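Examining the three-dimensional arrangement
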Amino acid sequence: MDLNDKQKEAVQTTDGPVLVIAGAGSGKTRVLTERIAYLVRSKRAQPTSILAFTFTNRAAREMKQRLESANPGICERMWVGTFHATGVKILRRHGDRAGVSRDFSIYDATDSLELVKVSISQRTLEARLMRSPTSVRDQISRWKNELISPQMAAMRAANNIEKRIVSLYSEYERGLRRANALDFDDLIAKVVELFSIDPEVKRHYATRFRYILVDEFQDTNPIQMAMIEALASEHRNLFVVGDDDQSIYSWRGAKVEHILNFENLYSDTKLIRLEQNYRSTQTILDAANHVIVNNKGRKGKELWTAGERGEKIEMLVSMDEESEANNVLHTVRELAGEGVALRDIAVLYRTNAQSRALEDVLKLGSLPYQIIGAVRFYERAEVRDILAYCKLLANPADNVSLKRIINVPKRGLGKTTYEKLSEHAAFSNVPIMQILRSGAFALGSSQTKRCGEFVRLFATLESIAATKDAPQVIEAIVDGINYREHLRDNYPDGESRIENVDELINAAEVYTENREDRSLRAFLEEIALVADVDALDDESGQLTLMTLHNAKGLEFDCVIIAGLEDGLFPHINSMDNEEALEEERRLFYVGMTRACRRLFCSYANMRRRMGVIEGGSPSRFLYEIPEELMVGSIQMMEGHSRSDSLGFVDNEFDQSTGYARGVSAAGRVAAAPREFEDYSQEELVYSVGMRIHHDDFGRGVVRRVEGSGENLRVTVIFDRGGERKFVARYAPMRPT
DNA sequence: TGGTAGAGGCTTTTT
DNA sequence: GCCTCTACCA
């Protein structure tokens, strides 16, 4: 396939700043790789002078693979990676000039949360008044991403609570320094700091990187922008690609304004728009265009394709999340029956919690699937335990990791002992491990002996780590602490935990294959930065399940978007403000445009959330899709409120599974929907103890009544067993 | 110090 | 509904 004129222009405009507004599926990845190849082949650019930023490691890997397959050897000395990975590279080389030691550890989200908790607990008087650790950590992260130091934050603090959070921020920063650790935000922030402290270093990199490329530019935050600007300051050959309609990370500090302001920042910017889509059918594009046009703050663009209209978008309507899962399963089976490979189908949803119901049903249906994200491999307790040992070996000052494993498995060094050691360390301002090793602590004889044993164990592991490769070191840790035995004896699911530990060793082995640096440290670095999408295995014949956020940048032949209900998608927390709602809409837009050929939209009338059954109405976004583009439409009737028209599609309604679906446009037509009766009539009054009849669950007795009017909720205990809560208005239920 | 049971928070999205 | 943290007792 040849490049179109716009794409060609984007590839060949090599000098000066270039802003490419690239619609979904407009071939931007191709433009990026072609441009890099063009720079090297036609402009004789050195690969070392090229720096490309991607959003995920996976995207970086794919870009390198594409480049390599057409131009063998081209990537060897080229920098292609995420902002975070690039930051690590720079800091390992020159970080010492900004006071960052070269063997720093990287703290992930869990580690930094732990550090926040420690900071809070050191201020017992304040702990009670403090917001949750998570919100403190998020606030700290927001400050860091906006280049706000503790000092600056202190000046801005308006009230007592804010001042306390600021003091936690300072405490947290001290904790990081003491542990010789950087958190995710630091990986970029410290680079920016380094560049401002040491103009020599800045000039070194800015001179080296003659050509800079940035993918997913709409999702860069201020600190990343500062890094980009510094790096581009010498040559100004800055090529950024983004789509304001796909900006979905503002909650992480990303500023879509970076796109909108780019032309002000670089007045000689060349603006190029890519609007021709090579991915989806016209029907899918029309639907997506109709949805996104409801957003106000956008640059405005309309995707089109030279391809076919394609099939209509199908609605899947289900009773609850379980039947939704069944509905998804049947749809996938049907697609598979038509010859679609499972790896070409994806199920996308708003929240990770939704994966459970889907997973349960897919398991029962023995359909092979992979879930991206739900319970992350590197988040599992057993994996984290072993990794904590590893991190401690790489950096003995890492107090958070020490705290995690000092008593795992149990070796009689509990909370009290740990706290005494920690106090000694804080007093002397040295790492806890140093206190342990020096023996400079006042403890009873049995505790002193146990500490000595731990120090000896650690020394043995250290000597192994000094000479062996990562997999052998991990194996030595697992053996040295009898970890497999510990798991088998202490957990009912011990065997599967052991498998996870073995999987970790396996991952280390895979990593060290064909690698020069096989050290534990190199392996730790690699996994510290992996995202879940990085693990996506697109060669395997499995159905893929993931969040909409994770789906960014990917495409699938068929896409099912599940859980399209108001309150879930758009999410309840985003429904009361226009900006947040627009971001939800962009997220839906991203989801729709992942589909090449077939798109399914699914919602359930009831859903269990955090243990409570809630009634749901179809997502407001569904009503933004023109009806003529859909099969089995959601039926919004004139003069009716939306929630009155929760229509089941009549045909193919299956009593046994409780699901209904529209029929594909391939010949068959959906029958008129059966309308729900309106149960909101005012004479339906419920009181505790009243006997009722429910169409689906039979007879029962009212146990609780909450709310009033439209929000009247009734909890019923059914005669056949089970207790359920309904929104009275939507439940097919009457007093008897 | 370690085990257990109950409380409480959580579920928006992640490099 | 599930997971984590905490308080209390052995």
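Residues numbered from 1 in each chain as written. Chains lettered and ligands numbered in written order. Predicted model: local features only at pLDDT ≥ 70, side-chain atom pairs only at ≥ 80, totals over all residues. Heavy atoms only, no water.

**Topic: the confidence of the model for chain A**
Mean pLDDT for chain A: 83, with 85% of residues reaching 70 or above. For chain A, per-element mean pLDDT is lowest for strand 20 (residues 673–674), which scores 30, and highest for strand 6 (residues 211–214), which scores 97. Low pLDDT, under 50, characterises residues 636–683; the predicted model gives this stretch 110 contacts beyond four residues in sequence or across chains. (pLDDT = per-residue confidence, 0-100. Helix = DSSP H or I, 4+ residues; strand = E, 2+ residues; numbered from the N terminus. Contact = heavy atoms within 4.5 Å.)

**A short note on the side chain of Asp111**
Take Asp111: it is sitting in helix 5 (residues 109–121). With near-sequence residues (within four places) excluded, Asp111 lies in contact with Ile106, Arg384, Lys391 and Val400.

**Observations regarding the packing of helix 18 (residues 381–394) against helix 25 (residues 494–512)**
The description of two helices packed together rests on the angle between their axes and the distance between the axes. With their axes 8 Å apart at the nearest point, helix 18 and helix 25 run at an angle of 45° to one another. Compared by their axis directions, helix 18 and helix 25 come out oblique. Like other packed secondary-structure pairs, helix 18 and helix 25 cross with a definite hand, here right-handed. Residues Ala381, Glu382, Val383, Ile386 and Leu387 of helix 18 form the contact with helix 25, whose own contacting residues are Arg497, Asn500, Val501 and Leu504. The residue makeup of the contact of helix 18 with helix 25, split by class, is six nonpolar, one polar and two charged. (Axes fitted to C-alpha atoms, helices over the stretch in contact; angles between N-to-C directions. Parallel < 35°, antiparallel > 145°, perpendicular 65-115°, else oblique. Left-handed = near helix turned anticlockwise from the far one by under 90°. Nonpolar A, V, L, I, M, F, W, Y, C, P; charged D, E, K, R; others polar.)

**Quick notes on the sheet that holds strand 7 (residues 238–242)**
One open sheet holds the six strands; their spatial order is 3-2-6-7-1-8, and the pairing between them is parallel. Two strands lie at the open edges of the sheet, namely strand 3 (79–81) and strand 8 (270–274), each paired on one side alone. Going from strand to strand, the sheet's axes swing by 10° on average, the running direction of each strand aside. Relative to strand 6, strand 2 (residues 50–53) is paired through four bridges, and the arrangement is parallel. Residue pairing in the sheet places Leu51 in a bridge with Ile212 of strand 6. Each of strand 1 (18–22), strand 2, strand 6, strand 7 and strand 8 touches helix 2 (residues 28–41); the most contacted strand, strand 7, lies at about 165° to it. Against the sheet, helix 12 (residues 222–231) engages strand 2, strand 6 and strand 7, with an angle of about 165° to strand 2. (Pairing = 2+ DSSP bridges.)

**A word on empty space enclosed by the protein**
Gaps left between atoms show up when a probe the size of a water molecule is rolled over them. Taken as a whole and assessed by the stated rule, the structure comprises four cavities of 30 Å³ or more. In this structure, the largest cavity occupies an estimated 50 Å³ of space. Lining the largest cavity we find Glu321, Glu324, Tyr349, Gln354, Ala357, Leu358, Ala562 and Arg607. Counting only elements with at least two residues in the lining of the largest cavity, the list comes to helix 16 (321–337) and helix 17 (355–364). The class makeup of the residues in the lining of the largest cavity is four nonpolar, one polar and three charged. (1 Å grid on protein atoms, 1.4 Å probe; cavity = no way out; pocket = protein on both sides within 12 Å on 5 of 7 lines; lining within 4 Å. Points joined across faces, edges and corners; volume = space filled by probe spheres on them.)

**What to know about the environment of Pro222**
In this structure, Pro222 sits in helix 12. On the basis of relative accessibility, which here comes to 17%, the residue Pro222 falls in the buried class. Along the backbone, Pro222 and Glu146 are 76 residues apart, and their C-alpha atoms lie at a distance of 5.6 Å. (Buried < 20%, exposed > 50% of the residue type's maximum accessible area, 1.4 Å probe, protein only.)

**A word on unusual backbone geometry**
The omega angle of the peptide bond from Phe569 to Pro570 is 5°, so this bond is cis rather than trans. Considering the arrangement of structural elements, one finds Pro570 in the loop between strand 13 (556–561) and helix 27 (578–592). Positive phi, normally seen in glycine, also occurs at Asn180, with a value near 55°. The topology assignment puts Asn180 in the loop between helix 9 (160–178) and strand 5 (181–183). With a relative accessible area of 18%, Asn180 lands in the buried category. Even without a glycine there, the phi angle at Ser366 is positive, about 40°. By the element assignment, Ser366 lies in the loop between helix 17 and strand 11 (369–371).

**Topic: the protein's contact with DNA strand C**
For DNA strand C, the full set of nearby residues is Lys117, Arg356, Arg608, Met610 and Gly611. In this structure, Lys117 approaches DNA strand C through a side-chain N or O atom, which is 3.0 Å from a phosphate oxygen. Arg608 places a polar side-chain atom, nitrogen or oxygen, 3.5 Å from a sugar or linking oxygen of DNA strand C. (Near = heavy atom within 4 Å. Polar contact = N/O pair within 3.5 Å; in protein donor to acceptor, adjacent residues only side chain to side chain.)

**Considerations on the pattern of salt bridges**
Summed over all chains, the structure comprises 46 salt bridges. In this structure, Arg598 and Glu314 form a salt bridge, with 3.0 Å as the shortest nitrogen-oxygen distance. You can see Arg598 sitting in strand 14 (residues 595–604) and its partner Glu314 sitting in strand 9 (residues 313–318), a full 284 residues away along the chain. Per residue, the accessibility class of Arg598 equals that of Glu314, and both read buried. (Salt bridge = Lys/Arg side-chain N within 4 Å of Asp/Glu carboxyl O.)

**Examining a positive patch on the surface**
On the surface, Lys64, Lys89, Arg93 and Arg515 cluster together into a patch of positive charge. Turning to its location among the elements, Arg93 is positioned in helix 4 (residues 83–94). We classify Arg93 as partly exposed; its relative accessible area is 40%. (Patch = residues over 30% accessible without salt bridge, like charges linked within 9 Å, V, L, I, M, F, W, Y side chains within 5 Å. Areas by Shrake-Rupley, 256 points an atom, 1.4 Å probe, with all protein chains shown as cover. Lys, Arg positive; Asp, Glu negative; His and termini not counted. Charge placed at Lys NZ, Arg CZ, Asp CG, Glu CD.)

**A few points about the layout of surface pockets**
By volume, the second largest pocket is sized at about 690 Å³. As for the second largest pocket, its lining consists of 32 residues, of which Val118, Lys403, Tyr418, Glu419 and Ser422 are closest to the centre. Breaking the lining of the second largest pocket down by element, the ones donating at least two residues are helix 5, helix 9, helix 19 (399–405) and helix 20 (415–428). Per-element accounting of the lining of the second largest pocket gives the leading share, seven residues, to helix 20.

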